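This is what each chain is made of:
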Amino acid sequence: MAILIEKAGMADLVNGNNTIFAPNNLSIKNYVNAVLADMREIDPQAEYTINDIPLDTLTKYMGGYIFSGQIKRENMTKEQGKIYTAQNGEERRISLEPTDQYNNELDSKPEYVYFTYKQGDDWDEWDNIDDDDKVVVKTSNLISTNGVIHVLQGSHTLFNFERD
């Protein structure tokens, strides 16, 4: 992620009083592999690496992970979440939601942070996702010198890229 931030010329933005929802290395690998798979449908010998991501793609889409101010876990809106506008103008729903995955074995339900992309014209209901892409945050509330970092689960694909 740091390489992409530097390549996009966004180091000052990331180091400012902002919140970053950072794709991890697997998310970046998922993106590179998906783009390469698309390219190889046309040219079986095609090559594509992280260094081949166009600068305009980086600057456009990296801003979708950066939000002004500090969005800390303890201040997040529970369940239905809140819609935030990212640095690139795109909207994301950020929510803190209880999970039932422990089958009532705990006295209280753990809460996970989610980072959701809107698909289509309207947001899906937070508890009835149809086509929006809801990504769990693997690690939340890493406090940096000026901002907050949340790390997305590796199953996410950078830029929410989907193969054609």
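Everything below is about the structure shown above.
If you're wondering where the values come from, they're calculated on a predicted model, not measured in any experiment. (Residues numbered from 1 in each chain as written. Predicted model: local features only at pLDDT ≥ 70, side-chain atom pairs only at ≥ 80, totals over all residues. Heavy atoms only, no water.)

J.: Even after reading the chapter, I still don't get helix α4 (residues 55-62), so can you show me in this structure?
T.: Residues T57, L58 and M62 constitute the buried set of α4. The arc that holds the buried residues of α4, viewed along the axis, is 100 degrees, so those residues lie on one side. At its buried positions, α4 is contacted by α1 (2-7), α3 (25-42) and β2 (66-68). (Buried < 20%, exposed > 50% of the residue type's maximum accessible area, 1.4 Å probe, protein only. Helix = DSSP H or I, 4+ residues; strand = E, 2+ residues; numbered from the N terminus. Arc of directions from axis to C-beta. Contact = heavy atoms within 4.5 Å.)

J.: Just to check I follow, could you spell out the side chain of R93 for this structure?
T.: Inspection of the secondary structure assignment puts R93 in strand β4 (residues 91-98). Despite being buried, R93 has no salt bridge partner; D132 is the closest side chain of opposite charge, sitting 4.6 Å away. Among the polar contacts listed, one links the side chain of R93 to the backbone oxygen of Q80, at a separation of 3.2 Å. Here R93 is in contact with Q80, G81, K82, I83, Y114, F115, T116, W123, D124, E125, W126 and I129, once residues within four sequence places are set aside. (Lys, Arg positive; Asp, Glu negative; His and termini not counted. Salt bridge = Lys/Arg side-chain N within 4 Å of Asp/Glu carboxyl O. Polar contact = N/O pair within 3.5 Å; in protein donor to acceptor, adjacent residues only side chain to side chain.)

J.: Explain the nonpolar core to me, please; I cannot follow it from the model alone.
T.: Side chains of nonpolar character tend, in soluble globular proteins, to be buried together. Counting 35 residues, the largest nonpolar core has F21 and F115 as its most contacted members. Counting only elements with at least two residues in this core, the list comes to α1, β1 (18-22), α3, α4, β2, β4, β5 (111-117) and β6 (133-143). Counting residues per element, this core draws most heavily on α3, at five residues. Ignoring anything within four residues of it in the chain, the contact list for F21 reads Y65, F67, M76, I94, V113, F115, V137, H150 and L152. (Core = buried A, V, L, I, M, F, W, Y, C linked by side-chain atoms within 4.5 Å.)

J.: Which parts of the structure should I look at to understand the sheet that holds β6?
T.: Strands pair in a sheet through their backbones, by hydrogen bonds, and they do so in one of two ways: parallel or antiparallel. Judged by pairing direction, the sheet is mixed, and its seven strands sit side by side in the order β2-β1-β7-β6-β5-β4-β3 without closing on themselves. Each of the sheet's edge strands pairs with one partner strand only, and the pair in question is β2 and β3 (82-85). Across the sheet, the mean angle from the axis of one strand to that of its neighbour is 30 degrees, orientation sign disregarded. In this sheet, β2 lies alongside β1 in antiparallel orientation, the contact comprising three bridges. Along β2, the bridge assignment pairs N18 with S68. (Pairing = 2+ DSSP bridges. Axes fitted to C-alpha atoms, helices over the stretch in contact; angles between N-to-C directions.)

J.: How do you make sense of the side chain of T57 when you look at a structure like this?
T.: Relative to the helices and strands, T57 resides in helix α4. Under the relative-accessibility criterion, T57 is labelled buried at 17%. Setting aside anything within four residues of it in sequence, one finds T57 in contact with Y31, M62 and F159.

J.: Just to check I follow, could you spell out the packing of aromatic side chains for this structure?
T.: Each pair of aromatic rings is reported with the distance of its centres and the angle of its planes. What the rule picks out here adds up to nine aromatic pairs. A ring pair is formed by F21 and F67, whose centres lie 5.8 Å apart and whose planes are at 85 degrees; its orientation type is edge-to-face. With F21 in strand β1 and F67 in strand β2, this pair connects stretches of sequence that are 46 residues apart. Accessibility assignment for this pair places F21 and F67 in one class, buried. Between Y31 and F159, the ring centres sit 5.0 Å apart and the planes meet at 75 degrees, which makes this aromatic pair edge-to-face. Taken together, the residues Y31 in helix α3 and F159 in the segment after β7 (148-152) connect sequence positions 128 residues apart. (Phe/Tyr/Trp six-rings, centres within 6.5 Å; stacked < 30°, edge-to-face > 60°.)

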